[in-house]
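Spelled out, the chains give:
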Amino acid sequence: MKRSFIPLAIFAVLVVFLWIGLTLNPREIPSPLLNKPAPAFKLTQLHEPSKMIAPEHLRGKVWLLNVWASWCVTCLQEHPLLVEMARQNIVPIYGLNYKDQREAGMAWLRQHGNPYILSAHDLDGRVGIDYGVYGVPETFVIDKTGIIRHKVIGAITPEIVEKTLLPLIKELNNG
Amino acid sequence: MAKNLFLATLLMLLFPLAHAGEAIPTSDDPVLEKRVLEVSENLRCLVCQNQTIADSNAELAVDLRNQVREKLKAGQSEDEIMKYMVARYGDFVLFNPQVKSSTWLLWFGPLLMLAGGGWILIISLRNRRKLQQQTSVLSAEEHVQAASLLAEKNDGQKNIKDAS
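Residues numbered from 1 in each chain as written. Chains lettered and ligands numbered in written order. Predicted model: local features only at pLDDT ≥ 70, side-chain atom pairs only at ≥ 80, totals over all residues. Heavy atoms only, no water.

**Observations concerning the packing of aromatic side chains**
The tally for this structure, following the rule as stated, stands at six aromatic pairs over all chains. Consider the rings of Trp68 of chain A and Trp108 of chain A, whose centres lie 5.2 Å apart with planes at 20 degrees: the pair is stacked. Here Trp68 of chain A, found in strand E3 (residues 63-68), pairs with Trp108 of chain A, found in helix H3 (residues 102-112); they are 40 residues apart in sequence, far enough to count as distant. As far as the burial class goes, Trp68 of chain A and Trp108 of chain A line up, both buried. Here the aromatic cluster, defined as three or more aromatic residues joined through ring pairs, consists of Phe41, Tyr131 and Phe140 of chain A. One cation-aromatic arrangement involves Arg44 of chain B over Phe95 of chain B; the distance from NZ or CZ to the ring centre is 4.7 Å. (Phe/Tyr/Trp six-rings, centres within 6.5 Å; stacked < 30°, edge-to-face > 60°. Helix = DSSP H or I, 4+ residues; strand = E, 2+ residues; numbered from the N terminus. Buried < 20%, exposed > 50% of the residue type's maximum accessible area, 1.4 Å probe, protein only. Lys NZ or Arg CZ within 6 Å of the ring centre and 35° of its normal.)

**Quick look at the packing of helix H2 (residues 30-40) of chain B against helix H3 (residues 59-73) of chain B**
Residues and elements named next belong to chain B. The geometry of H2 relative to H3 is characterised by a closest axis approach of 9 Å and an angle of 125 degrees between their N-to-C directions. Classified by the angle their axes make, H2 and H3 are oblique. Here the hand of the crossing between H2 and H3 comes out right-handed. For the pair H2 and H3, contact is made by Leu32, Glu33, Arg35, Val36, Val39 and Ser40 and by Arg65, Val68, Arg69, Leu72 and Lys73, respectively. By residue class, the composition of the contact of H2 with H3 is five nonpolar, one polar and five charged. (Axes fitted to C-alpha atoms, helices over the stretch in contact; angles between N-to-C directions. Parallel < 35°, antiparallel > 145°, perpendicular 65-115°, else oblique. Left-handed = near helix turned anticlockwise from the far one by under 90°. Contact = heavy atoms within 4.5 Å. Nonpolar A, V, L, I, M, F, W, Y, C, P; charged D, E, K, R; others polar.)

**As for the state of the cysteines**
Per the counting criterion, the structure on display carries one disulfide over all chains. Across the disulfide from Cys72 of chain A sits Cys75 of chain A; the S-S distance is 2.2 Å. One disulfide, between Cys72 of chain A and Cys75 of chain A, carries an S-S torsion of 95 degrees and so falls in the right-handed class. Overall, Cys75 of chain A belongs to the buried group, its relative accessible area being 1%. In this structure Cys45 of chain B is a free cysteine whose sulfur lies 3.4 Å from that of Cys48 of chain B, the closest cysteine sulfur available. (Disulfide = S-S within 2.5 Å.)

Following this line, the structure appears as structure tokens:
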């Protein structure tokens, strides 16, 4: 009688493992850059090709780096949230215009609103690789000392903003 | 019908051609391209995760292959390139996971399962043999009983034969 429970127990363990497996998102790969300094770069500004932008200029403030592109469909989904965050002045948002044509990127911002203080133009995606970008959009939270504190892969949602980004930004600003 | 079949066959025949055309080397140096491919085969494409960046034609995979090419051209070793990739994309980018404390279960788990299975097999075989030995031995009383049963059966058959 006791023996017949063994296969059942094994089955139950398997079910638990598979169940957990179902809730995991294989597309979310933990970034090795978390709690490391944001990689340095020097890119031209999207709107002013003669001017450069570099993350070390942003030392001393908490800021978001949002990787976006005009060809990116999911970016459109999160865009209103970014625009709203910018309108409320919650945190300075900078854009990394990833593998995009300058004109297309600028037109996209004209059409959908521009939440970015500045966007860097990463035409060949080299800076994207340095940041471990593999699925646009991605959003990095960078603290006052230039350390990456959080990374959102894929579109941000109202839930992510409420539960993760806002508390983290508040905490980092106070720290 | 015959036309469809012809078309299907044609398409099937053409498929390898189309496939072969996909991975066009972008450098004229065949030795370098071979090295690029060798290194790329050990790197996972993060967009289509079951492919290496050598197999994948996702844009990111193409970019990463270009990075590998550039770094090889600059004289970097495979080890250095792997480190560069891991620093950006984490261990996940390695198609063959490294052997370290967090991957022991991954590497040696199957062996553990095999050992466990073998152990269960041995135990159950031993139990079965014990059971067989126990049941095959009859007590003296049972022997007598069996003999009488067999005798009865033989008698019965004899009687039937006699009657016919």
